[in-house]
Amino acid sequence: MSGRKIKEKGIEYLLSLAGILAVLALLLLCIFLFRDGVMLFEKYPIVSFLTETKWYPTATPVHFGLLPLLLGSLIVTTGAIIFSVPLGIAAAIYISEIATPRVAEVLKPTAEILAGIPSVVYGFFGLVVLVPYIQRALDLQTGQTALTGAIMLGIMALPTIISVSEDAISSVPKSIKEGALAMGSTQWQTIYKITVPAALSGISAAVMLGIGRAIGETMTVMMVTGNSAVIPGFPSGLFEPVRTMTATIALEMGEVPMGSDHYHALFAVGSVLFITTFIVNIIASYIKQRYRFHL
Amino acid sequence: MFSNARLNERIAFTFLRVATGIVVAFVFVILYYIISNGYSVISLEFLTDMPRNRMTEGGIYPAIVGTVYLIIGSMAVALPLGILAAIYLTEYAKPGRLTWSIEMAINNLAGTPSVVFGLFGLALFARYFGFGPSILAASLTLGLLILPIIIRASQEALLTVPKEYREASLALGVTKWETIRRVVLPSAIPGMVTGAILSIGRVAGETAPILLTGAAYFLPRLPDSVFSQFMALPYHLYVLATTGTNIAQTRPLQYGTALVLLMIVLSMNIIAIAIRSHYRKKMRR
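Model, not experiment: these values are computed from the prediction.

Cut-offs applied
- Positions within a chain are numbered from 1, following the residues in the order the chain's sequence is written.
- Labels are handed out in written order, letters beginning with A for the chains and numbers beginning with 1 for the ligands.
- Side-chain atom pairs in this predicted model are given and counted only at pLDDT of 80 or more, local residue features only at pLDDT of at least 70, and totals for whole chains, interfaces and linings cover all residues.
- Starting at the N terminus, helices and strands are each numbered in turn, a helix being any DSSP run of H or I of at least four residues and a strand any DSSP run of E of at least two.
- A residue is called partly exposed when the number of other C-beta atoms within 10 Å of its own lies between 12 and 20, exposed at 12 or fewer, and buried at 20 or more, with C-beta atoms placed from the backbone.
- For every residue pair, C-beta atoms are placed from the backbone, and the pair is scored as a contact if these atoms sit within 7 Å.
- pLDDT is a per-residue confidence score from the predictor, ranging from 0 to 100.
- Throughout the structure description, domain borders are defined by an automatic or database domain assignment.
- Throughout this entry, Asp, Glu, Lys and Arg are counted as charged residues, while Ala, Val, Leu, Ile, Met, Phe, Trp, Tyr, Cys and Pro are counted as nonpolar. The remaining residues, Gly among them, count as polar.
- Any nonpolar core is a set of buried residues, restricted to Ala, Val, Leu, Ile, Met, Phe, Trp, Tyr and Cys, that join up through C-beta atoms within 7 Å.
- Expected span, for any helix, means 1.5 Å times one less than how many residues it has.
- Throughout, bend refers to the angle between the axes fitted to the seven residues that end at a position and the seven residues that start at it.
- Angles shown run from 0 to 180 degrees and are taken between the N-to-C directions of axes, each axis being a line fitted to C-alpha atoms and, for helices, limited to the stretch in contact.
- Note that the term roughly parallel is reserved for angles under 35 degrees, roughly antiparallel for angles over 145, roughly perpendicular for angles of 65 to 115, and oblique for everything else.
- Crossing handedness: left-handed means the near helix sits turned counterclockwise from the far one by under a right angle, and right-handed means the same turn made clockwise.

Trainee: What's the story with the overall build of chain A in this structure? I'm lost.
Mentor: Check the secondary structure of chain A and you find 13 helices and two strands. In terms of its C-alpha atoms, chain A occupies a principal-axis envelope of roughly 75 × 70 × 30 Å. Here chain A holds 295 residues, and 51% of them are scored as buried. A fraction of 76% describes how many contacts in chain A between residues 6 or more apart in sequence connect residues 24 or more apart.

Quick look at the structure:
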């Protein structure tokens, strides 16, 4: 009997190890990312890294200014969100509140296809279709602009926004909606006065997750935004090439000697990127937990 | 007043319909564009030939092989770990600091950008462990990247197994682990398979992490050990589409590569969706 108990306990410990390994992975990720990132600041002051307006990693003297990259990420992400949030939420409302169950059963996996397409395929599509189109339509020098990146990222953020908002909207209790309808509200009045406000926390979490997805996206932005590391103006910067933090890491890491200042600078950029998405994720899960429906 | 509300409703619903239509249109335009331009390129030779003449002719065989190796490698890492962690979280874990940390770690790993995983894999596996840029370093990196997907899917699968199954087995005097192994796991397998298949699609399409951990621009032969560098479909597409002087000339090869990649990823998604809806219907009965 006690042999059996020991075996059971042993198995429980083994299983918990697998879970602990996930924690360990995150810890190691932080350690190795930050360690190589912080090494930059032994030679290059952190204040310059944060406030310099130039990213000239191979010039003499070198400039490792984060700002153009950070603002590049910011302008592309902002554009993506402005474009995808209204579209995504509208589609989520349609799928959960208006479409018949059969139509919804088709629409949901269709939107999921967008989540399955690899980012390099989005980048390729953007490069061969959207880039020349934007150049011609807006009569620009190049079609590789922040706007192009924003549109592609917006499309890529759609499935996240749709599925998470759809979950939130359809989890609003039926009794509440029926109450509103029984009072003589139209279906639309019920949706925008009752259902959407009730699901607002879930919808905000969806938006946060969409932002996280857009900031972290690499291949697509790298292929369609032109990658010039200058501080973008707003909104004029939308129509010029920009370079994001993610693209900088992916573009430059291949040509950098391991352990050089430039190598450490890319890890420092990676650390900033990680901290940004970390905060976005924490906010998303906080909103979700705090305002979950309790009935 | 009443008719005004009706009018508003019609305008609003039209807007919602149009928005949904736009989303659906994106899906079809992208798929149509890649498929219609790529299908004529795909042939047996394209799939089984080495690239020739500085990658301006020939096939994509080594890239397909590389992607298959990455799938096998990363699944070997993530599948057992993910399923065990999910069993722990759903069947054993009690609310507390440990469970909270594990949940938080999984959430944050899921939201971490793939290029950051690439940096991590480069620093830990390629440099610190000395694996170099290799299949091994890239597989371990991708394994960690899909770990949260596998854990979440497996957890969901375990949660759908009715409590009565467990209680009936426990009431017969069967131990907890035997109950999980013989009663709970068999019913949860379809859901776990769904998660695994979805992550195969993810591994096949990820580019940024392998770019930093061992994907090669071009290799004249297939990798011969886990420490070799490798070619892979997504990186091959990126290279063909953006570098070199023959971008316009190799456009058909680019469409072909994009289509093969898309087909792999989409078929995984479709299989996963089919399995899921099949078992959801079965559960409802």
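Trainee: Help me out: how do you make sense of the overall build of chain B in this one?
Mentor: Of regular secondary structure, chain B possesses 11 helices and two strands. Reading chain B from its N end, one meets helices and strands in the order α-α-β-β-α-α-α-α-α-α-α-α-α. For chain B, the residues scored as buried account for 48% of the 285 residues in total. Restricting to contacts in chain B with at least 6 residues of sequence separation, those with at least 24 account for 75%.

Trainee: I would appreciate a short explanation of the confidence of the model for chain B in the present structure.
Mentor: Predicted coordinates in areas of low pLDDT are best not read in detail. Residue and element names in this part refer to chain B. In this model, chain B carries an average pLDDT of 90, and 98% of its residues clear a pLDDT of 70 or more. Within chain B, the lowest mean pLDDT, 79, falls on strand E2 (residues 57–58), and the highest, 95, falls on helix H5 (residues 114–128). Predicted complex metrics record ipTM = 0.92 and pTM = 0.92.

Trainee: What's the story with the domain arrangement of chain A in this structure? I'm lost.
Mentor: Reports of interface size often rely on the accessible area that becomes lost once the parts have come together. All names here are of chain A. Each domain of chain A was delimited in the assignment, giving domain 1 (2–38) and domain 2 (49–290). Once you take the C-alpha centre of each, domain 1 and domain 2 turn out to be 32 Å apart. Contacts between the two partners involve four residues from domain 1, matched on the other side by six residues from domain 2. Across the side of domain 1 that touches domain 2, the residue classes break down as two nonpolar, one polar and one charged.

Trainee: Would you mind going over the domain arrangement of chain B with me for this structure?
Mentor: With domains assigned, chain B is organised as domain 1 (1–38) and domain 2 (44–284). Considering only residue class, the side of domain 1 of chain B that touches domain 2 of chain B consists of two nonpolar, two polar and no charged.

Trainee: Which parts of the structure should I look at to understand the interface of chain A and chain B?
Mentor: Facing 65 residues of chain A, the contacting portion of chain B comprises 68 residues. Looking at the side of chain A that touches chain B, the element that brings in the most residues is helix H1 (residues 2–38) of chain A, giving 18 residues.

Trainee: What should I look at first to understand the nonpolar core in this one?
Mentor: For soluble globular proteins, nonpolar side chains are generally found buried alongside one another. Core analysis: the biggest nonpolar cluster contains 186 residues, and Val121 of chain A together with Leu119 and Leu261 of chain B have the highest contact counts within it. Top element by residues in this core is helix H6 (residues 135–159) of chain B. It accounts for 16 residues. With sequence-adjacent residues up to four places away left out, Leu261 of chain B is seen in contact with Pro118 and Val121 of chain A together with Ala204, Gly205, Leu233, Pro234 and Leu237 of chain B.

Trainee: Where do I start with the environment of Val131 of chain A in this structure?
Mentor: Residue and element names in this part refer to chain A. Looking at where Val131 falls in the secondary structure, it is placed in helix H6 (residues 119–138). For Val131, a count of 21 C-beta atoms within 10 Å translates into the label buried. Each C-alpha atom, one on Val131 and one on Tyr56, is 26 Å from the other, the two residues being 75 residues apart in sequence.

Trainee: Hey, could you run me through H5 of chain B in this one?
Mentor: In an α-helix, one turn spans 3.6 residues, which is why side chains three or four residues apart end up on the same side. Residue and element names in this part refer to chain B. The terminal C-alpha atoms of H5 lie 20 Å apart, and with 15 residues this matches the ideal 21 Å at 1.5 Å per residue to within 8%. Remark: the principal bend of H5, roughly 35°, maps to Gly121. Taken across its 15 residues, H5 has 13 buried, putting it largely inside the fold.

Trainee: Even after reading the chapter, I still don't get the environment of Leu212 of chain B, so can you show me in this structure?
Mentor: All names here are of chain B. With respect to the helices and strands, Leu212 occurs in helix H9 (residues 208–213). For Leu212, a count of 28 C-beta atoms within 10 Å translates into the label buried. Considered as a pair, Leu212 and Pro252 are 40 residues apart in the sequence and their alpha carbons are 27 Å apart.

Trainee: Help me understand the packing of helix H10 (residues 200–216) of chain A against helix H13 (residues 261–290) of chain A in this model?
Mentor: A pair of packed helices can be characterised by two numbers: the angle between their axes and the separation between those axes. Residues and elements named next belong to chain A. Axis separation between H10 and H13 bottoms out at 8 Å; the angle between their running directions is 165°. With respect to their mutual orientation, H10 and H13 come out roughly antiparallel. As H10 packs across H13, the resulting crossing turns out to be left-handed. Residues Ser201, Gly202, Ser204, Ala205, Met208, Leu209, Ile211, Gly212, Ile215 and Gly216 of H10 lie in contact with H13, whose contacting residues are Leu273, Thr276, Thr277, Val280, Asn281, Ile283, Ala284, Ile287, Lys288 and Arg290. Of the residues belonging to the contact of H10 with H13, the class tally is 10 nonpolar, eight polar and two charged.

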